[in-house]
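Chain residues, written in single-letter form:
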Amino acid sequence: MRVGFILAAALTFVALPVVADDPVKPAKVAFQTLPTQHMMVQITVNGKGPYRVIFDTGAPVTLLSNKVAREAGVFPKNYKPGFALFGSAGQFKVKQLEMGDLKVENIDAMVMDHPTVGALAAAVGPIEGIVGFNVFAKFRSTLDYQAKEMTFIPTSFVPANMMEKMMESMLSSKNAKGKAKVLAPGGLLGVRPMKDSADMESGITLEHVYADSPAAKAGLKSGDRLLTLDHRWTDSVSDLFIALSKADVTATLPLEVLRDGKSVKLEVKLAAGQ
Amino acid sequence: MRTSLCIALLALAPDWAVAQEVGKPHPVPYRLTDTQHVLVRMKVNGKGPYNFVVDTGCPVLIIATPIAEKIGLKTANGWATIDDLQIEGGLSQKKVKARIETPFQIEGMNKMGLPGVELHGLLGYTVIAKYKMEFDFTRDRMQWTPLAFEPAAPQGLAMKGGGGAGMDMMVGLVKMLTFIAGLKPAPPPVPRGFMGLEFEQKEKQVAIKTILAGSPAAEAGLESGDRVTSIDGKAVGDLAELQRATRSLPIGAEVKIEVRRGEEKIEAKVKLGQGA
């Protein structure tokens, strides 16, 4: 009894982002595709509901209507609503949001009667909000329109708070004037890439492949047109560096080049170096 | 008869036939923007790549008007048919209907300016419903698995609104934060500079394994077997330290490399060039 109480207390204060029944078994959530082709899921908020909401990978935040916020006790006790556009009350913490098998705790939600949500509701019946990035980004999530099912497995990814991110971005862009980020390859390839600004064709030209380099050992030749590296398009020198910056120092990467008009598929094992 | 037809199809488009196999997962590289949008790159009729937001809140594929004009898409009543739509990572679709317009959300986001990233459209239901999509933000790519599923044509609000205005309402639900002003784009990232050295860990030291002939490091007086002690004054004991010391040096930077050759101390200078 006592232990249970302490455990419960600990769970309340430790900011456990996710409480899944089984961390390996994915939580399953059924959804419905509305006539407007939006994904509709039913959620409960702090145990109240169910409410119909849209699951939207294009939404950076989660959104709840004023109705849900009132019914589910999302507003703090001393909260007094003022006048705001679309009843926009601001951002609040939601203690618990459930959909299907999935339980998520301590989620930021904007409270707002969004006009687009209203227009959608007029067409398809009540819609009380949107579940967005800050919820699904915590998981390895799958969306399957055929099975009409989503699955969620917790990961270590912590989505940034949108508001904080904005502030950070504003501050850093002031400070970082003229200071560009450098794209550092994980390992050595051994090529000198080239692309004219007037060159609109796919790929980049490997102007030079250094002898004895990992690139040479992989079979690359000077003059090859590199089309993809590690399943990424290499249509600019920057693209090549992005692909290499994602790779480990000794990674083996698949690649495709155009040589004498023919596609050649190779693999390169990077080496430590620069 | 049936077999020969299949073979003929395979011969015509081997990549397509293999790549689009139902149930076979495909890597799809993505980028996460500062605005928390998931971007994938696509080529439209071979042109591009262009950046699209993966958006289940959008019922169709939307291409911004200036991009459609640049590609030379034939537009009728705000719609165009794309012959060949390629998604980075190897997936592709043929004869895809796209809505041609510039939703205010895209304009808003582009005004905010993301480092080196411009948005060119929204990737919605009619394209993405053909895949089982997996998102995992601890990995650098998504996985999309082709389904044997033909998404229904979009209907709904567009009909009611009678065209553009109605469509506007359907496009992406909550990009509202994009009106936040005052964000300035950071400059686009630049490639790191190139030396032409391969290193190896030798006990508790980093040794030069190979000096690539003709590379910026070739004329610096370094030799294979030299043990690197510091780079630009930063002590180097292992490959990770070396990587940290050199990771943000751009092209054109001059780097000071201190090595030991036997008991001899040698200092070399390398002006970094373009290469990887």
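Computed from a predicted model, the values in this text were never measured in an experiment.

Here we look at the overall build of chain B
Counting its secondary structure elements, chain B contains eight helices and 17 strands. Here chain B holds 276 residues, and the buried ones make up 51% of them. Nonlocal contacts in chain B, meaning residues at least 24 apart in sequence, comprise 59% of its contacts between residues at least 6 apart. Accessible surface, chain B as shown: approximately 12,500 Å² in total, 54% of it carbon and sulfur.

Describing the interface of chain B and chain A
Chain B puts 89 residues into the contact, and the matching count from chain A is 88 residues. Carbon and sulfur atoms make up 61% of the area that chain B and chain A hide from each other, which totals about 7,600 Å². One can count five salt bridges joining chain B with chain A. Taking the shortest distance from any N to any O, the salt bridge between B:Arg141 and A:Asp230 comes out at 2.8 Å.

A closer look at the sheet that holds strand β10 (residues 141-146) of chain B
Spatially, six strands are ordered β1(A)-β10(A)-β9(A)-β9(B)-β10(B)-β1(B) in an open sheet, and the strand pairing comes out antiparallel. Looking at the sheet topology across the chains shown, the edges are occupied by β1 (27-30) of chain A together with β1 (26-29) of chain B. Averaged over all neighbouring strand pairs, the angle between strand axes comes to 20°, with direction disregarded. Summarising the sheet, strand β9 (residues 139-144) of chain A and strand β10 (residues 149-154) of chain A pair through six bridges and their orientation is antiparallel.

Here we look at the packing of aromatic side chains
Throughout the structure, instances matching the rule amount to 18 aromatic pairs over all chains. Here the aromatic rings of A:Phe75 and A:Phe92 are separated by 5.2 Å at their centres, their planes lie at 85°, and the arrangement is edge-to-face. Of this pair, A:Phe75 sits in the loop between α2 (66-71) and β6 (90-99) while A:Phe92 sits in strand β6, and the two are 17 residues apart along the sequence. Note on A:Phe92: relative accessible area 10%, which makes it buried. Here a set of aromatic residues connected by ring pairs shows up, and it is made of A:Phe55, A:Phe133, A:Phe136, A:Phe139, A:Phe152, A:Phe157, B:Tyr30, B:Phe135 and B:Phe137.

Some details on empty space enclosed by the protein
Within this structure, the stated rule accounts for one cavity of 30 Å³ or more. Of the volumes computed, that of the largest cavity is approximately 40 Å³. Every residue along the wall of the largest cavity is listed here: A:Pro185, A:Gly187, A:Leu188, A:Leu189, A:Phe241, A:Gly273, A:Gln274, B:Arg192, B:Gly193, B:Phe194, B:Gly275 and B:Ala276. Residues belonging to the lining of the largest cavity are distributed by class as follows: six nonpolar, five polar and one charged.

A word on unusual backbone geometry
Note that the residue after A:Gly49, namely A:Pro50, is joined by a cis bond; omega there is 5°. Looking at the element boundaries, A:Pro50 is found in strand β4 (residues 48-55). Note that the residue after B:Gly48, namely B:Pro49, is joined by a cis bond; omega there is 5°. Looking at where B:Pro49 falls in the secondary structure, it is placed in strand β4 (residues 47-54).

Topic: the pairing of strand β16 (residues 254-261) of chain B
Residue and element names in this part refer to chain B. Bridge analysis of strand β14 (residues 227-231) against β16 gives four bridges, and the strand direction is antiparallel. Bridge pairing links Arg 227 to Arg 260 in β16. Inspection of the sheet shows β16 paired to strand β17 (residues 264-271) by eight bridges, in the antiparallel sense. In the strand pairing of β17, Glu 254 is matched with Lys 271. Linking β16 to β17, which pair antiparallel, is a turn of two residues; within it Gly 262 sits at a positive phi near 65°.

Some thoughts on helix α3 (residues 115-124) of chain A
Buried residues of α3(A): A:Thr116, A:Val117, A:Ala119, A:Leu120, A:Ala121 and A:Val124, and no others. Directly beyond the C-terminal end of α3(A), a positive phi value near 95° is found at A:Gly125.

Digging into the confidence of the model for chain A
Looking at chain A, pLDDT values average 87 and 83% of them are 70 or higher. In this model residues 1-21 of chain A is a low-confidence stretch, pLDDT under 50, and it forms 13 contacts with partners more than four residues away in sequence or in other chains.

Rules used throughout
Residues numbered from 1 in each chain as written. Chains lettered and ligands numbered in written order. Predicted model: local features only at pLDDT ≥ 70, side-chain atom pairs only at ≥ 80, totals over all residues. Heavy atoms only, no water. Helix = DSSP H or I, 4+ residues; strand = E, 2+ residues; numbered from the N terminus. Buried < 20%, exposed > 50% of the residue type's maximum accessible area, 1.4 Å probe, protein only. Contact = heavy atoms within 4.5 Å. Areas by Shrake-Rupley, 256 points an atom, 1.4 Å probe, with all protein chains shown as cover. Buried area = accessible area lost by both parts, 1.4 Å probe. Salt bridge = Lys/Arg side-chain N within 4 Å of Asp/Glu carboxyl O. Pairing = 2+ DSSP bridges. Axes fitted to C-alpha atoms, helices over the stretch in contact; angles between N-to-C directions. Phe/Tyr/Trp six-rings, centres within 6.5 Å; stacked < 30°, edge-to-face > 60°. 1 Å grid on protein atoms, 1.4 Å probe; cavity = no way out; pocket = protein on both sides within 12 Å on 5 of 7 lines; lining within 4 Å. Points joined across faces, edges and corners; volume = space filled by probe spheres on them. Nonpolar A, V, L, I, M, F, W, Y, C, P; charged D, E, K, R; others polar. pLDDT = per-residue confidence, 0-100.

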